Amino acid sequence: MYRSHNCGELRETHQQSQVTLSGWVQTVRDKGFVVWADLRDRYGITQLIFDEERSSKEIMEIAKSLGREFVIQVKGTVIERASKNPNIPTGNVEVLVSEIKILNKSLVPPFTIEDQTDGGEDIRMKFRYLDIRRNPVKNNLIFRHKVAIEVRKYLSDQGFIEVETPYLIKSTPEGARDFVVPSRMNEGQFYALPQSPQTFKQLLMVGGMDKYFQIVKCFRDEDLRADRQPEFTQIDCEMAFVEQEDILNIFEGLTRHLLKEIKGVSIDKFPRMTYDEAMKKYGNDKPDIRFGMEFGELNAIAQHKDFGIFNEAELVVGIAIPGGAAYTRKEIDALVDWVRRPQIGAKGMVYAKYNEDGSFKSSVDKFYDQEDLAKWAEVTGAKAGDLICVLSGDANKTRTQLSALRMEIAQRLGLRKKNEFAPLWVIDFPLLELDEETGHYHAMHHPFTSPKPGQLELLDTDPGAVKANAYDLVLNGNEIGGGSIRIHDKQIQSTMFRHLGFSPEEAKAQFGFLMDAFQYGAPPHGGLAFGLDRLVAILGGQETIRDFIAFPKNNSGRDVMIDAPAPIDDLQLKELHLKLDL
Ligand code: ASP
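Residues numbered from 1 in each chain as written. Predicted model: local features only at pLDDT ≥ 70, side-chain atom pairs only at ≥ 80, totals over all residues. Heavy atoms only, no water.

Novice: It is not clear to me how the overall build of the chain should be interpreted in this structure. Could you clarify?
Specialist: In terms of helices and strands, the chain carries 17 helices and 22 strands. If you line up the chain on its principal axes, its C-alpha atoms span 95 × 75 × 50 Å. Here the chain, with 582 residues, has 48% of them falling under the buried criterion. On the chain, roughly 29200 Å² of surface is accessible, and the fraction owed to carbon and sulfur atoms is 50%. Charge separation in the chain, taken as the distance between the mean sites of 73 positive and 87 negative side-chain charges, equals 4 Å. (Helix = DSSP H or I, 4+ residues; strand = E, 2+ residues; numbered from the N terminus. Buried < 20%, exposed > 50% of the residue type's maximum accessible area, 1.4 Å probe, protein only. Areas by Shrake-Rupley, 256 points an atom, 1.4 Å probe, with all protein chains shown as cover. Lys, Arg positive; Asp, Glu negative; His and termini not counted. Charge placed at Lys NZ, Arg CZ, Asp CG, Glu CD.)

Novice: Sorry if this is basic, but what is going on with the site of the ligand here?
Specialist: In the region of the ligand, 14 residues are neighbours, and Glu174, Gln198, Lys201, His445 and Arg486 sit closest. A distance of 3.2 Å separates a nitrogen atom of the ligand from a polar atom in the side chain of Ser196. One of the side-chain N or O atoms of His445 is found 2.7 Å from an oxygen atom in the ligand. In isolation the ligand has 270 Å² of accessible area, and contact with the protein removes 92% of it. When residues of the shell around the ligand are traced back to their parent elements, those giving at least two are helix 5 (198-206), strand 21 (478-485) and strand 22 (525-531). Examining the composition of the shell around the ligand, we find that three residues originate from one element, strand 22, more than from any other. For the shell around the ligand, the residue count by class is two nonpolar, eight polar and four charged. (Near = heavy atom within 4 Å. Polar contact = N/O pair within 3.5 Å; in protein donor to acceptor, adjacent residues only side chain to side chain. Nonpolar A, V, L, I, M, F, W, Y, C, P; charged D, E, K, R; others polar.)

Novice: Teacher, can you tell me more about a negative patch on the surface here?
Specialist: A cluster of acidic residues, Glu314, Asp394, Glu436 and Glu437, forms a negative patch at the surface. Using a relative accessible area of 51% as the deciding quantity, one classes Glu314 as exposed. (Patch = residues over 30% accessible without salt bridge, like charges linked within 9 Å, V, L, I, M, F, W, Y side chains within 5 Å. Salt bridge = Lys/Arg side-chain N within 4 Å of Asp/Glu carboxyl O.)

Novice: Help me out: how do you make sense of the sheet that holds strand 14 (residues 350-354) in this one?
Specialist: Backbone-to-backbone hydrogen bonds join strands into a sheet, with any given pair of strands oriented parallel or antiparallel. Pairing in this open sheet of five strands is antiparallel, and the strands run 12-13-16-14-15 from one edge to the other. At either end of the open sheet lies a strand with only one pairing partner, and these are strand 12 (296-297) and strand 15 (360-362). Direction of pairing for strand 13 (residues 315-321) relative to strand 16 (residues 387-393): antiparallel, over a ladder of seven bridges. In the sheet register, Ala320 faces strand 16, and the bridge partner there is Ile388. (Pairing = 2+ DSSP bridges.)

Novice: Looking at this structure, how should I read the sheet that holds strand 17 (residues 423-427)?
Specialist: Spatial strand order, 6-9-10-22-21-20-17-11: eight strands in an open sheet with mixed pairing. For this open sheet the edge positions go to strand 6 (161-162) and strand 11 (272-274), each flanked by a neighbour on one side alone. Against the sheet, helix 4 (residues 135-157) touches strand 6, strand 9 (211-219) and strand 10 (231-240), its axis set at about 150° to strand 9. (Contact = heavy atoms within 4.5 Å. Axes fitted to C-alpha atoms, helices over the stretch in contact; angles between N-to-C directions.)

Novice: Would you mind showing me how to read empty space enclosed by the protein here?
Specialist: Left-over empty space is what a probe sized like a water molecule reveals as it rolls over the atoms. Scanning all chains against the criterion turns up one cavity of 30 Å³ or more. By volume, the largest cavity amounts to about 50 Å³. Around the largest cavity, the lining residues are Asp227, Arg228, Gln229, Ile545, Arg546, Lys553, Asn554 and Asn555. Here the residues of the lining of the largest cavity sort into one nonpolar, three polar and four charged. (1 Å grid on protein atoms, 1.4 Å probe; cavity = no way out; pocket = protein on both sides within 12 Å on 5 of 7 lines; lining within 4 Å. Points joined across faces, edges and corners; volume = space filled by probe spheres on them.)

Novice: I tried to follow helix 5 on my own but got confused; where do I start?
Specialist: Think of an α-helix as turning once every 3.6 residues; residues three or four places apart then point the same way. The set of residues buried in helix 5 consists of Gln198, Thr199, Lys201, Gln202, Leu204 and Met205. Close packing links the buried residues of helix 5 with strand 9, strand 10, helix 15 (504-518) and strand 22. Of the residues one or two after helix 5, Gly208 is the one with positive phi, at around 80°.

Novice: I would appreciate a short explanation of the packing of helix 14 (residues 490-499) against helix 15 in the present structure.
Specialist: A packed helix pair is summarised by two numbers, namely the angle formed by the two axes and the spacing between the axes. Two elements in contact, helix 14 and helix 15, have axes separated by 10 Å at closest approach and are oriented at 160°. It follows from the interaxial angle that helix 14 and helix 15 lie roughly antiparallel. For the pair helix 14 and helix 15, the crossing hand works out as right-handed. On helix 15, the residues touching Lys490, Gln493, Ser494 and Phe497 of helix 14 are Ala507, Phe511, Met515 and Phe518. (Parallel < 35°, antiparallel > 145°, perpendicular 65-115°, else oblique. Left-handed = near helix turned anticlockwise from the far one by under 90°.)

Novice: Would you mind showing me how to read the side chain of Glu69 here?
Specialist: Locating Glu69 in the fold gives a position in the loop between helix 1 (57-65) and strand 4 (71-80). By relative accessible area, Glu69 is classed as buried at 2%. Ignoring anything within four residues of it in the chain, the contact list for Glu69 reads Trp24, Val25, Arg40, Ser106, Pro109, Ile113 and Arg133.

Novice: Would you take a moment to explain the pattern of salt bridges for this structure?
Specialist: Any two side chains of opposite charge can pair, so long as their charged atoms come close to each other. Within the structure shown, the criterion is met by 36 salt bridges. Between Arg256 and Glu252 there is a salt bridge, and its shortest N-O distance comes to 2.6 Å. Placement of the pair is Arg256 and Glu252 together in helix 6 (residues 244-263), with a separation of four residues, close to one helical turn. On the basis of relative accessible area, Arg256 is assigned to the partly exposed category, the value being 29%. The structure contains a network of salt bridges with shared partners spanning Glu121, Arg124, Arg128, Asp131, Arg134 and Arg546.

Functional significance is not addressed by these values, which are geometric in nature.
This is how it looks when you write it as structure tokens:
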């Protein structure tokens, strides 16, 4: 028996009992005649004591030879500690060691296994198994487990069945590139790893499973923007015989359950906002509504004066920064520089201070009088003491730029409080999105999403205006998940493929199996998927999903610990019928 108790378990009530513990040596303090060592495992830390009077010479010697991260087993008696440590649960006791065995030695770890470590990100990722011994990482993994368990509990209680779907499949269109896997047995042919189980879950609905879920890995080969992983985890769900309302209710319930169980936060009905409204008010389809600073559109009041820049703009739009009237000239210039950075891309920024005395001072006083500026304040909701910041230009771009400014300011003002949770549904997404480079439309969600009833005809005349039965759940400015009511009719699905530029042959080659299935009694169905990594990170009050993934990849998609991806040898290439041409 390696242990009778774990290292987080012993209390005063265990005094005088004989125990066996196993774990890692966290620290050793050698005072000559006494040696203390902290023994650590997943459950906590217990202090061990060895002393000349009570421990044998042999044991003292071993104690003195212990190094950090040695794995040891000890037997001993639980005794009261002379100087107690109120900071740890076992802090009132220690174990007087009577037997010790070194189970395994350790090299000196490349960084300290402490909450505040001296190891930078790169070295911690290379030795991730050591990093996982640290509380912050360990606790995040335990936290993730708790969330996953609550998800499974809730969905099972609602009658969902977890069904696994294959990883070696054919392309699923979720808008990214596929990772592909060559097939040895089928010369010259490749599997694709699923970007999501989308088509399979729809087939499960045709198969009558009615309510499906799966906590599942998805694979997307995309340029890794900050905090994305090429493989990530979804809570993937699908339901038959449902309308949008049914789905929103179930998954609002799931989110509410998680907030309650994990964070102790109760939230009433989640607000709903159409995509158009979200774009208009926040310039963003995943608005952070923990704070205000809603957009005010100024075209009607700021155009047709003598200010050419505004007159030529498709959109003139502003926000009010609380307390911003107190900013110095230098601070405002810095803001202007911020929006002009290439990442944001605004040409400039007009501003108006709404002074505490009720007067206005703007960067465009030449064109706008006090009365004009008072109207700006009204539209942007500015109060005395605020700073009105205005951007102008192409509507979409300007909204995106102002949204970035809004988020930046909120961050600086501490308005993005991590223990505040503001979920909402964004609904009525456009069905199609114009790719400005190619001039073609592609599915905004995916090609299986159904248009709103009665809008099919619009596809021919005004494709950009067609709205979909598609929805996203947004939490604190992050898209937690999204889904749609699907097309379940072969004809409509073919029409959709045609509009997306697939020839009938291409559609058949890629998705014939799904359209065939639709001919055998496909029920109306819909679903969604939540990103588990992001959800866990937000519930955990942290920024990066990497911190909640045991073995994440870096920004170049590499696992630096196992050193992957890596070349394969010639024999393997040959077996796979592959030739490299680099
Ligand atoms: N498959 C979709 C996605 O990965 C989710 C869904 O439509 O259910 O985003």
